[in-house]
Amino acid sequence: MALRMAHVARCLQGKPVWSRLMSSVPTTKNLINGKTVESSTSQWIDVRNPATQELLTRVPESTNEEMLAAVAAAKEALPSWSKTSILTRQQTMFRFQHLIRENMKSLAAALTKEQGKTLADAEGDVFRGLQVVEHACSITSLQLGETLPSVSTDMDIQSYRVPLGVCAGITPFNFPAMIPLWMFPVALVCGNTYVLKPSERDPTVSMMLVEMLEKAGVPPGVVNVIHGTKPAVDFVCTNPDIRAISFVGSNHVGEYIYELGSKNGKRVQSNMGAKNHGVIMPDANKEHTLNQLVGAAFGAAGQRCMALSTAVFVGDAQEWIPDLIERAKKLKVASGDQPGAEIGPLITPAAKQRVCDLVQSGVDEGASLLLDGRGVTVPGYEKGNFVGPTILSNVTPNMKCYTEEIFGPVLVILNADTLDDAVSMVNANPYGNGTAIFTNSGPIARKFQTEIDVGQVGINVPIPVPLPMFSFTGSRASFRGDTNFYGKQGINFYTQVKTVTSLWREADTRSQKAATTMPTMR
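Residues numbered from 1 in each chain as written. Predicted model: local features only at pLDDT ≥ 70, side-chain atom pairs only at ≥ 80, totals over all residues. Heavy atoms only, no water.

> What am I meant to see in the state of the cysteines here?
Working definition: the covalent bond between the sulfur atoms of two cysteines is a disulfide. For the coordinates displayed, the defined rule picks out zero disulfides. You can see Cys356 has no disulfide; the closest cysteine sulfur is in Cys401, sitting 14 Å from it. Judged by relative accessible area, which is 13%, Cys356 ranks as buried. Classification of Cys401 as buried rests on a relative accessible area of 0%. (Disulfide = S-S within 2.5 Å. Buried < 20%, exposed > 50% of the residue type's maximum accessible area, 1.4 Å probe, protein only.)

> Explain the environment of Trp320 here, please?
Mapped onto the elements, Trp320 comes out in the loop between strand S13 (310–314) and helix H13 (321–329). Trp320 gets classed as buried once you look at its relative accessible area, which sits at 10%. As for Trp320 and Lys286, which are separated by 34 residues in sequence, their C-alpha atoms are 7.9 Å apart. With sequence-adjacent residues up to four places away left out, Trp320 is seen in contact with Ile280, Met281, Pro282, Ala284, Lys286, Thr289, Leu290 and Phe313. (Helix = DSSP H or I, 4+ residues; strand = E, 2+ residues; numbered from the N terminus. Contact = heavy atoms within 4.5 Å.)

> Teacher, can you tell me more about the sheet that holds strand S5 (residues 146–152) here?
Whether parallel or antiparallel, the strands of a sheet pair through hydrogen bonds between backbone atoms. Strand order in the open sheet formed by three strands is S5-S6-S22, and the pairing between neighbours is antiparallel. Of all the strands in the sheet, just S5 and strand S22 (495–503) have a single pairing partner and so form its edges. Going across the sheet, the axis of each strand differs from the next one's by a mean of 20 degrees, ignoring polarity. Relative to S22, strand S6 (residues 155–163) is paired through nine bridges, and the arrangement is antiparallel. Bridging across to S22, Ile157 finds its partner in Thr501. (Pairing = 2+ DSSP bridges. Axes fitted to C-alpha atoms, helices over the stretch in contact; angles between N-to-C directions.)

> So what exactly am I meant to see when it comes to the sheet that holds strand S12 (residues 277–280) here?
Ordered by their spatial adjacency, seven strands build an open sheet running S14-S15-S16-S13-S12-S18-S19, and the pairing between neighbours is mixed. Edge strands, defined here as strands with exactly one partner in the open sheet, are strand S14 (368–371) and strand S19 (457–459). This sheet shows a mean twist of 20 degrees between the axes of neighbouring strands, independent of strand direction. In this structure, S12 lies alongside strand S18 (residues 435–438), joined through four bridges in parallel fashion. Pairing of Ile280 across the sheet is with Phe438, part of S18.

> Would you mind going over the environment of Thr204 with me for this structure?
Note that Thr204 resides in helix H9 (residues 204–215). Look at Thr204 and you get partly exposed, because its relative accessible area is 25%. Remark: the alpha-carbon pair of Thr204 and Leu111, spanning 93 residues in sequence, is separated by 7.6 Å. Looking at Thr204, its side chain comes within polar contact range of the side chain of Glu114, at 2.4 Å. (Polar contact = N/O pair within 3.5 Å; in protein donor to acceptor, adjacent residues only side chain to side chain.)

> How should the pairing of strand S15 (residues 390–393) be read in this particular structure?
Regular strands place side chains that alternate from one sheet face to the opposite one. On S15, burial covers both faces: Thr390 and Leu392 on one face and Ile391 and Ser393 on the other are all buried. In terms of strand pairing, S14 meets S15 through three bridges, oriented antiparallel. Within S15, the residue paired with Ser368 across the bridge is Ser393. The sheet contact formed by S15 and strand S16 (residues 410–416) spans three bridges and is parallel. Paired with Thr390 across the two strands is Val410, which belongs to S16.

> What should I look at first to understand helix H12 (residues 286–298) in this one?
What sets the pattern is the α-helix's 3.6 residues per turn: residues three or four places apart point alike. Along its 13 residues, H12 runs 18 Å from first to last C-alpha, staying within 8% of the 18 Å computed at 1.5 Å per residue. Among the residues of H12, Thr289, Leu290, Leu293, Val294, Ala296, Ala297 and Phe298 are the ones counted as buried. One side-chain oxygen of the residue at the start of H12 lies 3.2 Å from the amide nitrogen of Glu287, identifying that residue as Asn285. (Expected span 1.5 Å × (residues − 1).)

> I keep staring at the packing of aromatic side chains and nothing clicks. Help me out?
Any aromatic ring pair is given by two values, namely how distant the centres are and how the planes are angled relative to each other. On inspection of all chains with the given rule, the structure shows seven aromatic pairs. Geometrically, the ring pair formed by Trp182 and Phe485 is tilted, given 5.6 Å between the ring centres and 50 degrees between the ring planes. You can see Trp182 sitting in helix H8 (residues 178–189) and its partner Phe485 sitting in the loop between strand S21 (479–480) and helix H18 (487–493), a full 303 residues away along the chain. By the burial criterion, Trp182 is buried, and Phe485 matches it. Pairwise contacts between aromatic rings join Trp182, Phe472, Phe485 and Tyr486 into one cluster. One Lys or Arg, Lys117, reaches over the ring of Phe175 and ends 3.9 Å from the middle of that ring. (Phe/Tyr/Trp six-rings, centres within 6.5 Å; stacked < 30°, edge-to-face > 60°. Lys NZ or Arg CZ within 6 Å of the ring centre and 35° of its normal.)

> Just checking my understanding: could you explain the confidence of the model for the protein chain for this structure?
For residues with low pLDDT, the predicted coordinates do not support detailed interpretation. In the predicted model, the protein chain carries a mean pLDDT of 94, and the fraction of residues at 70 or more is 95%. Across residues 1–21 the pLDDT falls below 50, and counting only partners more than four positions away or on other chains, this stretch makes four contacts in the model. (pLDDT = per-residue confidence, 0-100.)

> Explanation requested: the packing of helix H5 (residues 104–115) against H9 in the structure shown.
If you want to describe how two helices pack, look at the angle between their axes and the distance between the axes. At a minimum axis separation of 9 Å, H5 and H9 run at an interaxial angle of 155 degrees. Comparing the axis directions of H5 and H9 gives the class roughly antiparallel. From H5, Ser106, Leu107, Ala110, Leu111 and Glu114 reach across to H9, where they touch Thr204, Val205, Met208, Leu209 and Met212. Its residues assigned to classes, the contact of H5 with H9 comprises seven nonpolar, two polar and one charged. (Parallel < 35°, antiparallel > 145°, perpendicular 65-115°, else oblique. Nonpolar A, V, L, I, M, F, W, Y, C, P; charged D, E, K, R; others polar.)

> Is there a simple way to think about a nonpolar patch on the surface in this case?
Among the surface-exposed residues, Leu467, Met469 and Phe470 lie close enough to one another that they form a single nonpolar patch of about 320 Å² accessible area. Mapping Leu467 onto the fold places it in the loop between S19 and strand S20 (475–476). (Patch = residues over 30% accessible without salt bridge, like charges linked within 9 Å, V, L, I, M, F, W, Y side chains within 5 Å. Areas by Shrake-Rupley, 256 points an atom, 1.4 Å probe, with all protein chains shown as cover. Salt bridge = Lys/Arg side-chain N within 4 Å of Asp/Glu carboxyl O.)

> Mind showing me how you'd approach the side chain of Thr193 here?
Tracing the backbone shows Thr193 in strand S8 (residues 193–197). What makes Thr193 buried here is its relative accessible area of 0%. A distance of 2.9 Å separates a polar side-chain atom of Thr193 from the backbone oxygen of Ala74. Beyond its immediate sequence surroundings of up to four residues, Thr193 is in contact with Ala74, Lys75, Ala77, Leu78, Trp81, Gly165, Val166, Cys167, Gly221 and Val222.

Given below as structure tokens:
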């Protein structure tokens, strides 16, 4: 050991301090053609534990040559993988879901360390992604085509779905397990190959998942992983061999990817920001409603695109706000790996500062700060990016804290006199990811679900994310594209339709004259 350390010291002698420091910190690798490849880049991104600021790994800004190699590997693997039988691809997904389930605890631990959410929430993150993998195992029925025999004399037509080719996914930091699992399992089981660019803020879980995928029997090159920020995004959007792009993240980036990818002839699905409203009616079950509202607003430190970040109290329901505050006060803010933790840290110091600034903007514009979590401290984790539950009331639609997605443990409260006022308020907001109403009235619930212009509606369900036999159907400013994620829509996104018309008739063997008229197919 002493000789080895002396050798390392000699190798580092004369190198700059940053180079010596980097040698002691693990680096995240690219995955190209089944091999983990150390990047040759000179640009690295620090990944830190958001509860402690401990430097965990450095992520490369993958070089253009490395990204080209990843796409080339996917392109080379495509002919054989796309011709693999659908039963073989199904069996691969069966093995993959087993490995995920078997390694649930280690995936959740890695997720909590890099992303910050509580261990229980991290397991939920993995589990909701696992459900998509399990549904992908139904590909033998999901990818069934259509046929119409004898559409004309001796003529049959069949229509079926075939893979697109090389596809790509760009994933966010807030769900480092679930969102990648929305993407590449569905693409692969349909016969495509893939290039994944995970979030540069927490890439480890994605790397663990693709390692499990290879153990499940996916050949080298079928899935490849690159890393980086805008240069990697631009590469994915402009590379001519990539046929389709899946993205989940902010509106600013999502709009950019949709426009640039579409301009370059790619199919794009882009899930983006949200301002999800919970409408509380006076006839709702008070205990259930307040508990669900607190969990949906502050869980995952508010870093969910489906967080119920806005509450609209209708009529006498406004009298419940003091009870809501008391419940929020009881939530335990702590490092995600600590027992009993209910709210972990935000992803970065910059994210914390942005949340605090948006809260202050609400105060400056006239909102009432009923609960202020900006000064929360967690003993032993003083460097953590913590913000406690925060509640702003008397918010109006023109305030910045309402018009912008806060993405933190902040609930903004608006008041409405009637259900019609509440519906108008929700529909006037440009986002359409999700909404919920809390009521014990069937007619009120039916009126709400009929008149509300939002893609995903919960009735006494605060976070109405559909299970994978359906699809994630955010709408309006929350989504760009024609086809949504997972479920049947996900299968449609990663495939294209081929229609074959065939004619086999015995009379052709005796035909002596070519037909030049338009076939009428009688």
